[in-house]
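For reference, the chains in residue letters:
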Amino acid sequence: MRHGRYRFLAWALLPALALHAVFVLSPYAQAFYLSLTDWTGVAGNAHFVGLSNYRRLASDSLFLDAVRNNATMLVVVPLATVALGLFLASMLHVGGRDGRSAVRGAGGYQIVYFFPQLLSLVVIAVLWGFVYNPTNGLLNGALRGIGLDGLARSWLAEPSVALWAVMAVLVWSSVGFYLVLFSAAIDGIPKELYEAALLDGAGPWATFWRLTLPLVRDTVQVAFVYLGIVALDGFAVVQVMTVGPGGPDGATEVIGLSLYRTAFTYGKFGYASAMGVALFFATLTLAVLALRAGRKERLELA
Amino acid sequence: MRISRGLAHAAMLAWGVVTALPLLWAVLSSFKSDHEILTAPWSIPQHPQWTNWSRAWNEADIGRYFLNSAIVVGGALVLTMLLGALVAYALARYEFPGNRLVYHTFVAAMFFPVFLALVPLFFVVKQLHLLDTYAGLILVYAAYAVPFTVFFLHAFFRTLPSSIAEAAFLDGCGHGAVFFRIMLPMARPGLVAVGIFNFLGLWNQYLLPLVLNSDPDRYVLAQGLAALSVSQGYRSDWSGLFAGLTIAMIPVLVAYVAFQRHIRAGMTTGAVR
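Residues numbered from 1 in each chain as written. Chains lettered and ligands numbered in written order. Predicted model: local features only at pLDDT ≥ 70, side-chain atom pairs only at ≥ 80, totals over all residues.

*Asks:* Before we move on, could you go through the overall build of chain A and cite the residues and values that matter?
*Replies:* Counting its regular elements, chain A contains 13 helices and zero strands. What you see in chain A, going N to C, is helices and strands ordered as α-α-α-α-α-α-α-α-α-α-α-α-α. Against the 2.2 N^0.38 benchmark of 19 Å for 302 residues, chain A shows a C-alpha radius of gyration of 24 Å, more extended than a compact globule. Taking the principal axes of the C-alpha coordinates as reference, chain A spans close to 75 × 75 × 35 Å. When the 302 residues of chain A are sorted by exposure, 44% land in the buried category. (Helix = DSSP H or I, 4+ residues; strand = E, 2+ residues; numbered from the N terminus. Rg over C-alpha atoms; globule rule 2.2 N^0.38 Å. Buried ≥ 20, exposed ≤ 12 C-beta atoms within 10 Å, placed from the backbone.)

*Asks:* So what's going on with the overall build of chain B? Which residues, and what values?
*Replies:* Broken down by element type, chain B carries 13 helices and zero strands. Ordered by position from N to C terminus, the α and β elements of chain B give α-α-α-α-α-α-α-α-α-α-α-α-α. Counting only C-alpha atoms, chain B reaches 75 × 65 × 35 Å along its principal axes. Counting all 273 residues of chain B, 46% fall into the buried class. The contacts of chain B with a sequence gap of at least 6 include a subset with a gap of at least 24, amounting to 77%. (Contact = placed C-beta atoms within 7 Å.)

*Asks:* Tell me about the interface of chain B and chain A, and please be specific about residues and values.
*Replies:* Chain B puts 69 residues into the contact, and the matching count from chain A is 73 residues. Among the elements that line the side of chain B that touches chain A, the one with the most residues is helix H1 (residues 2–29) of chain B, at 14 residues. Here the side of chain B that touches chain A is composed, by residue class, of 56 nonpolar, 11 polar and two charged. (Nonpolar A, V, L, I, M, F, W, Y, C, P; charged D, E, K, R; others polar.)

*Asks:* Residue-level account of the UniProt feature "transmembrane region" (unreviewed entry) in chain A, with values.
*Replies:* Residues and elements named next belong to chain A. Here the UniProt-annotated "transmembrane region" (unreviewed entry) positions come out as residues 71–90, 111–131, 161–181, 220–241 and 269–291. Strand forms 0% of residues 71–90 and helix 100%; the C-alpha atoms that close the span are 29 Å apart. Secondary structure content for residues 220–241 is 95% helix and 0% strand, while the C-alpha to C-alpha distance between its ends is 29 Å. (UniProt positions renumbered as here; feature names shortened; annotations may be inferred.)

*Asks:* Any details on the nonpolar core? Residues and values, ideally.
*Replies:* Grouped together as the largest cluster of nonpolar side chains are 171 residues, with contacts concentrated most on A:Val122, A:Val237, B:Val87 and B:Tyr141. Among the elements that make up this core, the one with the highest residue count is helix H7 (residues 159–187) of chain A (18 residues). (Core = buried A, V, L, I, M, F, W, Y, C linked by C-beta atoms within 7 Å.)

*Asks:* Would you mind going over the packing of helix H4 (residues 106–118) of chain A against H7(A) in detail, with residue names and values included?
*Replies:* Residues and elements named next belong to chain A. Two elements in contact, H4 and H7, have axes whose closest approach is 6 Å; the angle formed by their N-to-C orientations is 130 degrees. Taken as axis vectors, H4 and H7 run oblique relative to one another. For H4 against H7, the interelement crossing comes out left-handed. Where H4 approaches H7, its residues Gln110, Tyr113, Phe114, Phe115, Pro116 and Gln117 are matched on the opposing element by Trp172, Ser173, Gly176, Phe177, Leu179, Val180 and Ser183. (Axes fitted to C-alpha atoms, helices over the stretch in contact; angles between N-to-C directions. Parallel < 35°, antiparallel > 145°, perpendicular 65-115°, else oblique. Left-handed = near helix turned anticlockwise from the far one by under 90°.)

*Asks:* Could you give an account of the environment of A:Val240, with specific residues and numbers?
*Replies:* With respect to the helices and strands, A:Val240 occurs in helix H11 (residues 235–241). When the 24 C-beta atoms within 10 Å are taken as the criterion, A:Val240 is described as buried. Not counting residues within four places of it along the chain, the set of residues in contact with A:Val240 comprises A:Val122, A:Ala125, A:Val126, B:Ala226 and B:Ser229.

*Asks:* Please provide a residue-by-residue account of helix H10 (residues 217–233) of chain A, values included.
*Replies:* Residues and elements named next belong to chain A. If you check H10, its first and last C-alpha atoms are 25 Å apart, about what 17 residues at 1.5 Å a residue would give, namely 24 Å. If you check which residues of H10 are buried, you get Thr219, Ala223, Leu227, Gly228, Ala231, Leu232 and Asp233. Residue Gly234 follows H10 closely and has a positive phi angle near 75 degrees. (Expected span 1.5 Å × (residues − 1).)

*Asks:* Which residues make up the packing of helix H7 (residues 134–159) of chain B against helix H10 (residues 188–203) of chain B, and what are the values?
*Replies:* Residues and elements named next belong to chain B. The geometry of H7 relative to H10 is characterised by a closest axis approach of 10 Å and an angle of 155 degrees between their N-to-C directions. The angle between H7 and H10 places the two elements in the roughly antiparallel class. The crossing of H7 and H10 is right-handed. Residues Tyr141, Ala145, Thr149, Phe152, Leu153 and Phe156 of H7 lie in contact with H10, whose contacting residues are Gly190, Val194, Asn198, Gly201 and Leu202.

*Asks:* Please give an account of the environment of B:Leu253 that cites residues and values.
*Replies:* All names here are of chain B. Assignment of secondary structure puts Leu253 in helix H13 (residues 238–272). For Leu253, a count of 16 C-beta atoms within 10 Å gives the class partly exposed. The spatial distance from the C-alpha of Leu253 to the C-alpha of Val27 is 12 Å, given a sequence separation of 226 residues.

*Asks:* Explain helix H9 (residues 175–186) of chain B to me, and be specific about the residues and the numbers.
*Replies:* Here H9(B) contains 12 residues, and its C-alpha end-to-end distance of 15 Å stays within 8% of the 16 Å for a straight helix at 1.5 Å per residue. Within the span of H9(B), buried status applies to B:His175, B:Val178 and B:Phe179. All buried residues of H9(B) fall inside an arc of 95 degrees around its axis, so they share one side. Seen from the buried face of H9(B), the exposed residues on the opposite side, beyond 90 degrees, are B:Arg181 and B:Pro185. Contacts from the buried residues of H9(B) go to helix H1 (5–34) of chain A together with helix H4 (62–93) and helix H8 (163–170) of chain B. (Arc of directions from axis to C-beta.)

*Asks:* Before we move on, can you summarise the confidence of the model for chain B with the specific residues and values?
*Replies:* Predicted coordinates in regions of low pLDDT should not be interpreted in detail. In the predicted model, chain B carries a mean pLDDT of 87, and 94% of its residues have values of at least 70. The complex prediction reports pTM at 0.89, with the ipTM value standing at 0.88. (pLDDT = per-residue confidence, 0-100.)

*Asks:* Summarise unusual backbone geometry; cite the residues concerned and give the values.
*Replies:* Even without being a glycine, A:Asp249 presents a positive backbone phi close to 60 degrees. By the secondary structure assignment, A:Asp249 is in the loop between H11 and helix H12 (255–264). The backbone of B:Asp132 shows a phi angle near 60 degrees, a positive value even though the residue is not glycine. One can find B:Asp132 in the loop between helix H6 (114–127) and H7. Judged by the 16 C-beta atoms lying within 10 Å of it, B:Asp132 is partly exposed.

Rendered as structure tokens:
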């Protein structure tokens, strides 16, 4: 039985480890060093410049726009998505005799809700670019159709609404997935608890806040982490959908887009790497905060 | 109770419409003429324009992008599942010095944003002369999909009983044979779940091909559509672009309707693990 054990292990692990080292570990490690250089892509021509790339970042107004926009997205997108997802998931369960069995057609609704999750963000961005089109788009067409001509606008060209238009697309594309996730979590709560709550005279509002929400807290927390990562990205939607891209006037600039442009349009690879490191620390902070919040005592279902 | 049930239905229906409407609208618009698209966004197509679809498939190269995506994602998926399952199995079922270190080396990579690796990755791929090649994309896709696959399957292999494998060893089976003939078939549900998850993630990948694959002949579907939305915008061939968009959506939606229970279960369990 011991025969060939290490040969098998080598054979199982080494190819994957080689791939991992070359394409994942080494680029991550190099990025930290490159961020301290002024490299512009010419082999052997990188000068160590210390922290000066980071000092430049702190006064780069377009990059600061990107940070501000990502920060706004980080607050708005997860909150809106989780709120809508939780609301709809509990609506799916409201209305039965015991107060929580699913409404008729719940399965069909879940099929439809989940669609956007399967589509590439590029497809979604192209599609919503049309929806937002000022002259022949779906949104303005609807507003004019019901007589609200005054609300019709150039959604992606006005600095004050462009970022909100982008965030709406991100929320639209994520709600379905989290709805299904939350719905499965609510399904896992024992029925007796809801019957007890009903006997105690708890209304739907109290039942949600005192019973459902505490018992799906872990799932909600996972959702916040994943959505936070989505909100720190936003690259595909912004790059494909918004004018510029990243405009008008930096209104929809995101860190990923700044990094991509700095590196592959302007060839400032050292400076772009510094943006990558900044994004890494933002992600790390998010993960640590989420883990901290998760350390509070957990409710156990006996 | 009746009121709240009515309210629940209204809310569900409203979100259903918000979700489905843009998608249906794109499909309908793909049958319209450019004139109809420009003048009446909410109308039903008067005379279905099937030529929009053939124009998108042939002239706008959607067909080629589709094939490129299929080659790259197919290759990467096979490689990811093979390597990921081998690593997960070896780490979950064998004790050896460095086991935890290898595991954490893989899993830690899940917490780094791909943007951080982007610049050096471009030069690594360039030095290997793999820019603008299928092989380069396949290797990079697999490299970035393996960590999650290992993470997911590691937990799965741990839960499998060891008695059957032990019996096979006594019968003289080698380590490789036990893995391929016994453990892999037993892990099928986990493989299907993570396979679906990986397929969708890779099929929808945009950032990596954008950076590593700038040859228009090798564009994957997402790249092709993004490029198309710019160029068709100039030529104002809106109907062709809607057709391209619909062609890109349809296979995913058809596969979803066919396997929807598996897909939803696979993706949601993948997320909470």
